[in-house]
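Residue-level listing of the chains:
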4 protein chains.
Amino acid sequence: MCGIIGIYGNPEAATLVYLGLYAQQHRGQEGAGIVSYDGEQVHRHMGQGLVADVYSDPGTLQALPGSLAIGHTRYSTTGGLDAKNIGPLLFNVEETPVSVAHNGNLVNLGAMRRQLQKEGAIFQTTTDTEIIVHLMARASGERMADRLSAALEQVEGAFSLLVLTHEGIIAARDPYGWRPFVLGRLGDTWVAASETCALDLIGAKELRDVEPGEVLLINDDGLQTVHRLPEQRPKHCIFEYIYFSRPDSRIYGANVDKLRRKLGKTLAEEAPTPTADIVISVPDSSNTATVGYASRSGIKHEIGLIRNHYVGRSFIRPEQELRDLTVKLKFNTVKGVLAGREVVIIDDSIVRGTTMRNLVRLLREAGPKKVHVRISSSPIRHHCQFGLDFPTEEELIANQRTKDQIEAYLGVDSLMYLSLEGMLTSMDQPPDHFCTACFSGEYPITLNEVGRKDAFEPSKPEFDDH
Amino acid sequence: MCGIIGIYGNPEAATLVYLGLYAQQHRGQEGAGIVSYDGEQVHRHMGQGLVADVYSDPGTLQALPGSLAIGHTRYSTTGGLDAKNIGPLLFNVEETPVSVAHNGNLVNLGAMRRQLQKEGAIFQTTTDTEIIVHLMARASGERMADRLSAALEQVEGAFSLLVLTHEGIIAARDPYGWRPFVLGRLGDTWVAASETCALDLIGAKELRDVEPGEVLLINDDGLQTVHRLPEQRPKHCIFEYIYFSRPDSRIYGANVDKLRRKLGKTLAEEAPTPTADIVISVPDSSNTATVGYASRSGIKHEIGLIRNHYVGRSFIRPEQELRDLTVKLKFNTVKGVLAGREVVIIDDSIVRGTTMRNLVRLLREAGPKKVHVRISSSPIRHHCQFGLDFPTEEELIANQRTKDQIEAYLGVDSLMYLSLEGMLTSMDQPPDHFCTACFSGEYPITLNEVGRKDAFEPSKPEFDDH
Amino acid sequence: MCGIIGIYGNPEAATLVYLGLYAQQHRGQEGAGIVSYDGEQVHRHMGQGLVADVYSDPGTLQALPGSLAIGHTRYSTTGGLDAKNIGPLLFNVEETPVSVAHNGNLVNLGAMRRQLQKEGAIFQTTTDTEIIVHLMARASGERMADRLSAALEQVEGAFSLLVLTHEGIIAARDPYGWRPFVLGRLGDTWVAASETCALDLIGAKELRDVEPGEVLLINDDGLQTVHRLPEQRPKHCIFEYIYFSRPDSRIYGANVDKLRRKLGKTLAEEAPTPTADIVISVPDSSNTATVGYASRSGIKHEIGLIRNHYVGRSFIRPEQELRDLTVKLKFNTVKGVLAGREVVIIDDSIVRGTTMRNLVRLLREAGPKKVHVRISSSPIRHHCQFGLDFPTEEELIANQRTKDQIEAYLGVDSLMYLSLEGMLTSMDQPPDHFCTACFSGEYPITLNEVGRKDAFEPSKPEFDDH
Amino acid sequence: MCGIIGIYGNPEAATLVYLGLYAQQHRGQEGAGIVSYDGEQVHRHMGQGLVADVYSDPGTLQALPGSLAIGHTRYSTTGGLDAKNIGPLLFNVEETPVSVAHNGNLVNLGAMRRQLQKEGAIFQTTTDTEIIVHLMARASGERMADRLSAALEQVEGAFSLLVLTHEGIIAARDPYGWRPFVLGRLGDTWVAASETCALDLIGAKELRDVEPGEVLLINDDGLQTVHRLPEQRPKHCIFEYIYFSRPDSRIYGANVDKLRRKLGKTLAEEAPTPTADIVISVPDSSNTATVGYASRSGIKHEIGLIRNHYVGRSFIRPEQELRDLTVKLKFNTVKGVLAGREVVIIDDSIVRGTTMRNLVRLLREAGPKKVHVRISSSPIRHHCQFGLDFPTEEELIANQRTKDQIEAYLGVDSLMYLSLEGMLTSMDQPPDHFCTACFSGEYPITLNEVGRKDAFEPSKPEFDDH
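Residues numbered from 1 in each chain as written. Chains lettered and ligands numbered in written order. Predicted model: local features only at pLDDT ≥ 70, side-chain atom pairs only at ≥ 80, totals over all residues.

**Student:** Where do I start with the overall build of chain A in this structure?
**Tutor:** Secondary structure summary: chain A contains 17 helices and 25 strands in total. Based on the C-alpha atoms only, the size of chain A along its principal axes is roughly 70 × 50 × 45 Å. Residue pairs at least 24 apart in sequence account for 71% of intrachain contacts in chain A once pairs closer than 6 positions are excluded. (Helix = DSSP H or I, 4+ residues; strand = E, 2+ residues; numbered from the N terminus. Contact = placed C-beta atoms within 7 Å.)

**Student:** It is not clear to me how the sheet that holds strand β13 (residues 222–228) of chain C should be interpreted in this structure. Could you clarify?
**Tutor:** Two modes of strand pairing occur in sheets, parallel and antiparallel, and in both the strands are linked by backbone hydrogen bonds. Residue and element names in this part refer to chain C. Read across the sheet, six strands follow the order β5-β6-β7-β8-β12-β13 without closing on themselves; strand pairing throughout is antiparallel. Looking at strand neighbours, the two that pair on one side only are β5 (89–93) and β13, the edges of this open sheet. In this sheet, neighbouring strand axes are inclined to one another by 25 degrees on average, regardless of whether the strands run parallel or antiparallel. Pairing of β5 with strand β6 (residues 96–107) involves five bridges; the strand directions are antiparallel. Opposite leucine 90, over in β6, you have serine 99 as the bridge partner. (Pairing = 2+ DSSP bridges. Axes fitted to C-alpha atoms, helices over the stretch in contact; angles between N-to-C directions.)

**Student:** What's the story with the interface of chain A and chain B in this structure? I'm lost.
**Tutor:** For an interface, size is often stated in terms of accessible area lost upon the parts coming together. Contact residues are listed per partner, giving 49 residues for chain A and 49 residues for chain B. Going through the elements one at a time, α1 (13–23), α2 (51–54), α3 (58–62), α7 (196–202), α9 (256–270), α10 (287–297), β20 (331–333) and α12 (335–338) of chain A are the ones with two or more residues in the side of chain A that touches chain B.

**Student:** Would you mind showing me how to read helix α9 (residues 256–270) of chain C here?
**Tutor:** One full turn of an α-helix is made of 3.6 residues, so residues set three or four places apart face in the same direction. Look at α9 of chain C: 21 Å from first C-alpha to last across 15 residues, which is about the 21 Å you get at 1.5 Å a residue. Taking burial as the measure, the 15 residues of α9 of chain C include 12 buried ones, the bulk of the element. (Expected span 1.5 Å × (residues − 1). Buried ≥ 20, exposed ≤ 12 C-beta atoms within 10 Å, placed from the backbone.)

**Student:** Explain the relation of the copies chain A and chain B here, please?
**Tutor:** Overlay of chain A on chain B (RMSD 0.1 Å): rotation 180 degrees, translation along the axis 0.0 Å. On this basis, the relationship between the two copies can be described by a two-fold rotation axis. For chain A, the residue whose C-alpha comes nearest the rotation axis is histidine 309 of chain A, separated from it by 3.3 Å. The overlap is high: 100% of the interface residues of chain A also sit at the interface in chain B, so the same surface is used on both sides. (Least-squares fit on C-alpha atoms with pLDDT ≥ 70 in both.)

**Student:** Could you clarify how one ought to interpret the domain arrangement of chain A in this entry?
**Tutor:** Residue and element names in this part refer to chain A. Assigned domains of chain A: these are domain 1 (2–232) and domain 2 (256–308 + 323–439). Taking the mean C-alpha position of each, domain 1 and domain 2 sit 34 Å from one another. With 11 residues of domain 1 at the contact, the number on the domain 2 side is five residues. Counting residues per element, the side of domain 1 that touches domain 2 draws most heavily on strand β6 (residues 96–107), which supplies four residues. Per-class residue counts for the side of domain 1 that touches domain 2 are four nonpolar, six polar and one charged. (Domains from an automatic or database assignment. Nonpolar A, V, L, I, M, F, W, Y, C, P; charged D, E, K, R; others polar.)

**Student:** It is not clear to me how the packing of helix α5 (residues 129–138) of chain B against helix α6 (residues 144–152) of chain B should be interpreted in this structure. Could you clarify?
**Tutor:** In helix packing, the relevant descriptors are the interaxial angle and the interaxial distance, both defined with respect to the helix axes. All names here are of chain B. Packing of α5 against α6 leaves a shortest axis separation of 8 Å and a crossing angle of 120 degrees. The angle between α5 and α6 falls in the class oblique. Crossing angle aside, the handedness with which α5 passes α6 is right-handed. Contact with α5, carried on its side by Ile132, Leu135 and Met136, involves Arg147, Leu148, Ala151 and Leu152 of α6 and no other residues of that element. Class assignment for the residues of the contact of α5 with α6 results in six nonpolar, no polar and one charged. (Parallel < 35°, antiparallel > 145°, perpendicular 65-115°, else oblique. Left-handed = near helix turned anticlockwise from the far one by under 90°.)

**Student:** Any chance you could explain the sheet that holds strand β21 (residues 342–347) of chain B here in plain terms?
**Tutor:** All names here are of chain B. Sheet architecture is open: five strands sit in the order β18-β17-β21-β22-β23, paired in parallel fashion. A strand with exactly one partner marks an edge of an open sheet, and here the two such strands are β18 (300–301) and β23 (414–417). Summarising the sheet, strand β17 (residues 278–281) and β21 pair through four bridges and their orientation is parallel. Within the sheet, the bridge partner assigned to isoleucine 278 lies in β21 and is valine 343. Strand contacts of helix α13 (residues 354–365): β21 and β22 (370–375), with the helix running at about 150 degrees to β22, the strand carrying the most contacts.

**Student:** Where do I start with helix α6 (residues 144–152) of chain A in this structure?
**Tutor:** Residues and elements named next belong to chain A. Most of α6 sits out of view: seven of its nine residues are buried. For α6, the full list of buried residues reads Met144, Ala145, Arg147, Leu148, Ser149, Ala151 and Leu152. Of the surrounding secondary structure, the elements contacted by the buried residues of α6 are β6, α5 (129–138), β7 (156–165), β8 (168–173), β12 (214–219) and β13 (222–228).

**Student:** I would appreciate a short explanation of unusual backbone geometry in the present structure.
**Tutor:** A negative phi angle is the norm for most residues apart from glycine, just as the trans form is the norm for most peptide bonds. Omega for the peptide link from proline 283 of chain C to aspartate 284 of chain C comes to -10 degrees, which places this bond in the cis form. Relative to the assigned elements, aspartate 284 of chain C resides in the loop between β17 (278–281) and α10 (287–297). The backbone phi angle of glutamate 95 of chain B is positive, close to 65 degrees, even though this residue is not glycine. Checked against the element boundaries, glutamate 95 of chain B lands in the loop between β5 (89–93) and β6 (96–107). Glutamate 95 of chain B sits in the partly exposed class, given 17 other C-beta atoms within 10 Å. Positive phi, close to 50 degrees, is recorded for glutamate 94 of chain D, a residue that is not glycine.

**Student:** Explain the pairing of β17 of chain B here, please?
**Tutor:** Within a regular strand, side chains alternate between the sheet's two faces. All names here are of chain B. Here β17 pairs with β18 via two bridges, running parallel. Residue pairing in the sheet places isoleucine 278 in a bridge with lysine 300 of β18. The parallel pair β17 and β18, bridged by helix α10 (residues 287–297), forms a crossover whose chirality is right-handed. (Right-handed = clockwise from strand over helix to strand, strands pointing away.)

**Student:** Where do I start with the confidence of the model for chain A in this structure?
**Tutor:** Any region with low pLDDT has predicted coordinates that should not be read closely. Residue and element names in this part refer to chain A. Mean pLDDT for chain A: 92, with 93% of residues reaching 70 or above. Note on residues 458–466: pLDDT under 50 across the span, and 26 contacts to partners over four residues away in sequence or across chains. Of the two predicted TM-score estimates for the complex, the pTM is 0.84 and the ipTM is 0.89. (pLDDT = per-residue confidence, 0-100.)

**Student:** What is the right way to read the environment of aspartate 38 of chain B from this model?
**Tutor:** Residue and element names in this part refer to chain B. Tracing the backbone through its elements, the reader meets aspartate 38 in the loop between β2 (31–37) and β3 (41–48). With 18 C-beta atoms counted inside 10 Å, the residue aspartate 38 sits in the partly exposed group. Counting along the chain gives 30 residues from aspartate 38 to leucine 68, while the straight-line C-alpha distance between them is 7.2 Å. Contacts of aspartate 38, omitting those with residues within four sequence positions, involve His43, Pro65 and Gly66.

**Student:** So what exactly am I meant to see when it comes to the environment of leucine 61 of chain B here?
**Tutor:** Mapped onto the elements, leucine 61 of chain B comes out in helix α3 (residues 58–62). Through-space distance from the C-alpha of leucine 61 of chain B to that of histidine 45 of chain B is 8.5 Å; in sequence the pair is 16 residues apart. Setting aside anything within four residues of it in sequence, one finds leucine 61 of chain B in contact with Ile316 of chain A together with Ala14, Thr15, Tyr18 and Tyr55 of chain B.

**Student:** Is there a simple way to think about the environment of leucine 164 of chain C in this case?
**Tutor:** All names here are of chain C. Structurally, the position occupied by leucine 164 is in strand β7 (residues 156–165). Leucine 164 gets classed as buried once you count the C-beta atoms within 10 Å, which come to 29. Remark: the alpha-carbon pair of leucine 164 and valine 35, spanning 129 residues in sequence, is separated by 8.0 Å.

This is the structure we're talking about:
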């Protein structure tokens, strides 16, 4: 996942981008970058780590002048952890700078990359995004927006794209609308962002989504749709509603909070726990679903886990083994609440299962009578090719074990997931408007090659830029 | 406020101290320091900022060898923001290193400091803590613990102290027991810390409190009480239960979470809101009190505010004014929950009132029918002299305005505080076991001089160490 | 100018490269980079500033493992000051990493770059060196050495090149032998470097020069000449002997020190100063020529200027104007030596004239009777296209003013240059073996376009990577 | 050794101090510090390393406002390498900041320090300088200058002192005038510095020396001598002329360059080398003495060693042993000059002998017929107690070995030193005006205790501030 934002027509474009990235920090914490254009020069600053850290020095933003800017927070899907893979990427197409911020993941690229290289193309990064730029460099068309449209006709996969050139900012979204992408307005300033929480922070009003398949140019003439890619049935990523987006955002035209509460309610119906004394959440990710579960089930909603909000990115560990240290660094139990009680703990999803297992062990130390786990989504059994950074299928616990085995592994008294039908009926749109590949294995695009995060990291020899 | 922790008898003493500081990060975010002793040398590392940042480099902890160590997280009460005021302070008493970590605040020190200076004493810091060391240097006694006992006989105020010397670690607490201070055990390792959450993280078991007035030496012979200061009626800081301590800690012998929930329940009885649709908290500080209020009142508990957990210490702001940016950086509203509803928002306390005012403005944008504010403590009207860093009395909104004026200032439909009696009856101990000076103005110690955070910052000329 | 070095067949290849760069620091102080290959991965570290600063952290060199490595110190000739222009450059040619370190300057590149871009090539840097890599990507040939040979057939200009691939290190030199390039041996380790001073530091023995026009592959089979570019009459840069190389180096088969002393002697014959009391140098650059001048003229050699050896790269200046501060930061006069004396000051060359003018002002303050300036080379009147970073011709004082005007500008009693003939007869090789373009304007290659350092910095819009 | 400078009455006092420290960088490269006073606050910035590095950020000097400032470059004589020992030290004497910069070394302090500690004094550093401040704190007197005078009456040893308070800058020098100390004027600005080279850089004129035994107050009324310590026969450090001061400075009323040349001439008379072909210096330290030796002996002065001017403070070494790397990092030989010649190399002094030994080995590789070493001072046999940081007497080669043994150790054909008489007759003042203790063992002050650099570093336990 990644978060992107573009600002057109504001003297402090880079600062607004910075705020928008900050609001979308949950979409990528590995790195952040901003590119601005001041009418003469393109400026860029990027770095590894959180947005507030990458731009902690006020001079950094001052060195990004201009009234248009785009930004990117990174959560690697393709391309290694290398600093040069942090977006927005910046290239020279015939001496014209072109900068690209991309949320999503292209598929079926291997043959295309090999062919481009045979023709002499030299790739600077191992990202999927760079393919688009090489296609633009080979495309014809007077405007960069035309070259981009031509390039996008040749690729498959998920993309919400922002492209900055001296001609303006281009926003483009794949025909399936895989990733969220919204347009907003703050006075005379245009905004395009992954989620509405970015609009809220800077005080912008939501206008509409960048439509699936739309290529949109933003310049002094306002918004113009310059191209439409061949239409497809929408395939919105349902996991954005389940976990990824912020609960205070609106995406795909609905409030995340509302649907997440609905998932909790449906879960209470499908997977009741009649004997339980209290229901608790894993703060803060399952707070909203827990509210839904508690209200529908009538079980008392309690605070059983306290989250430490000072968790840093790297943490120094002692050599001696301290039991459950990893989970304790993030959570502590409220003993008085848990002791002697039959407890339901709600979580939004289980990936590898290790975190939940450690959490259950921690809960057990507080002396609950029983521990039931309820998950407000279905078992994740398949790899995502469209922008989520799930581990390999071998590492997905639900791909490898039965429900009984998972219960034993987690050490719980019972475990229940929400069904695929339950998930889809909790939504506001028809069931076939969603991509559920990670649950169902049904990929909307036929995959010719298995995408891997490091697909283009050369196996031998390899770059290692320090 | 400050958080302190000492470890005796563990080969990774500094790393355990580091974890204990991390667990107590909420007690002070301005700086952190650790001092260790390896049998030959005293080692020290301190820095401004969060614990995880000050010790982000693994080499830093490796450079703090030894089986005893003490640590301090700082939230300045006396002494400026100067780096040299970050504890644990380190002094040479007759070529013997003595390091002191202090939570609390001494009072009535001015005359004593002036007298010491007249006798030639040169102060290195502007902290109250340093007075103790100068008194130790002038005291007689074979052991440092004896010199410390003699010094503590001469001072007044609040102190939970950890003193590291080559003779061991000394823990001392003022006779009123103003600040929490607990002892624990992890295998053969002794632990002393401000709160039990520090014990929980490293897996130590709680033994007992360092008793009010106790001076305790920890060395290879175990714990020995070497001195008792003249007994006093306990005066525990009630604000630790209301706001300051972590809800998952036990202090003064009771669970914080339990009493905080009780405060919420008492508030529901004293200050009902019969027409309200929902009750929301200010995450995360009033979460527990809100649970109490909701359960006693029967009003539906909802999540109306989302907190951004990536808030950094410094944040770059645009020059153009963005409405409510400061509060929005920390919170966003969940619009669907608030629109058209009569909302009760619970908070633990109001100091200046500016944050609550901004929060109410933010809530209003989401379109609630009414906004009621309920506070799970009494109006704060007085300065704290015993370790809390409240602003001057002129800045305390309840010192300056009537309830009607505060309601108008906040822009709320109603405001109600918990009464002093309501607070005290929610506690587990007799009412006269608590210091309520910030609410009542009744100071347990007669103050000869008004203490200020920068009391010993020379008015002119002044230090400014970069 | 730049300094390059390659090491093949040593477990500490990167460290030897680092030492070789350090010895060649005078060839470029703007930045330094090292690329190593450990049989599996290519590693790279580069930075702005001096070699000792870029690699001040021991971990940096440890992170460059492998038995082959190349390095580069940078003094920009083409390409802006941008960090990404610091060599060795690193590219992926069909997923194979290729790294290039280049001393020299290619010419007549504009049309070629535009054509490559029209075919879709995306340039990562604004250096001339990158052209070679794009030509390699389009060339055929099994080995990278063959692709490189094919690419070099297509370019004109000065190049001493080191190319690292997984097949070994390739050394190539233009057919004119414009820049120095020497091979050495340390036990079983092969070394290729710009100057012999790099061999001396690591204790390697000089073998021979990389010959003009030679493309040489160094791998486990030793040295193999894989290609020879069309032969040309040598055109060694004479300015290397006059100023640029270190006096303790051997280049083009002769000791720099010996020829520099010879230039001083010839100058004493051509431009005598019979009435002078003492002759002084501008330490350290003209020390050797001054020894030659003093010994041939019989005038007493004195130390009249002391050089401050702590000169840093950036220096903070007061706002108030301090007379001659710039030159005083580098030099101070020895008053007792200069007062009342008729002084000859020897320098190797004059470019803009501003430094000499300031130096003369400084000398005048010490009260000499007269000041004569003698220059051990001819007037510099033309731009260098082959690797020296002279300013534009408008800024060259000898291009703009007569000798009388320069004397007046410098404020000296007399000024004399060495003649072109005097320079060439001081050499060990025939006069037509040298490029004297900066003095004579006779360029060995016809220039189709005026090369500028920033030729490929796009005029609008432009990159500005922070 | 250390270099100090004070500026009074200039809006850019700190910047001028910075320049003055830079000019005196040779007097101490371990650290640098500046303290300024702006009429309200005292500001301070210090750091380890070179002046240009400690103040590389322009903001650092801007954060040192005020029209008076003092600075210090450090070369530890007493006090460990600890950052808190870097001057100028800063203390609070009865809430009044007092900052002290000290060049020299006090003696016989142990008993005094122990007594002060018994009375309760807490030392912040392990420097000798701090004793003076504790004595000031215990002294009476209205002005700090009076307290300082009273304190200085109680100490023995070498001191050139600058003390900054809100009353002005106080300059004081021990009665023997051990260390140089000069006053200068730049417009209305007063300057006091160790050497005149600091005055030269900022364009100040030399006025006179701070006289031995003088305590001088500089404030808006100009210079006032406020006290004179009991008069003594001068004991100027002769090693300042031999090696330590810059050759372009004037100290003790004479040009260093002139006397250093005189030492070379006397050496030529005492220790001739009639068969030698050439005489070379160890650049740059013995350049001036070599000029004297060459001119008096008539032997040809050549450049046989090239010094690398990019030597950094720390340098990374390979694990494999490279012969003579340490000396090669600093010097390379000019082979053509040395091969087959009988060479005299002049140096100013020999301390441990290891550097000269390595240098001789390096010279031998260039194939000279013979190598003679001539030293322009006498054998150093004794520890300095007055400010020079010589190693222990056991490490001084001349204390441990005969001339024959030293010749064998160095591997030279002959070695000769200048006699004590030769040194003294080369001076401009009577022989008994100089301290020659390091050569003769005659200490002008009776030493009660052997001073060591780390005298007050507590043996156990010890500080280790990171």
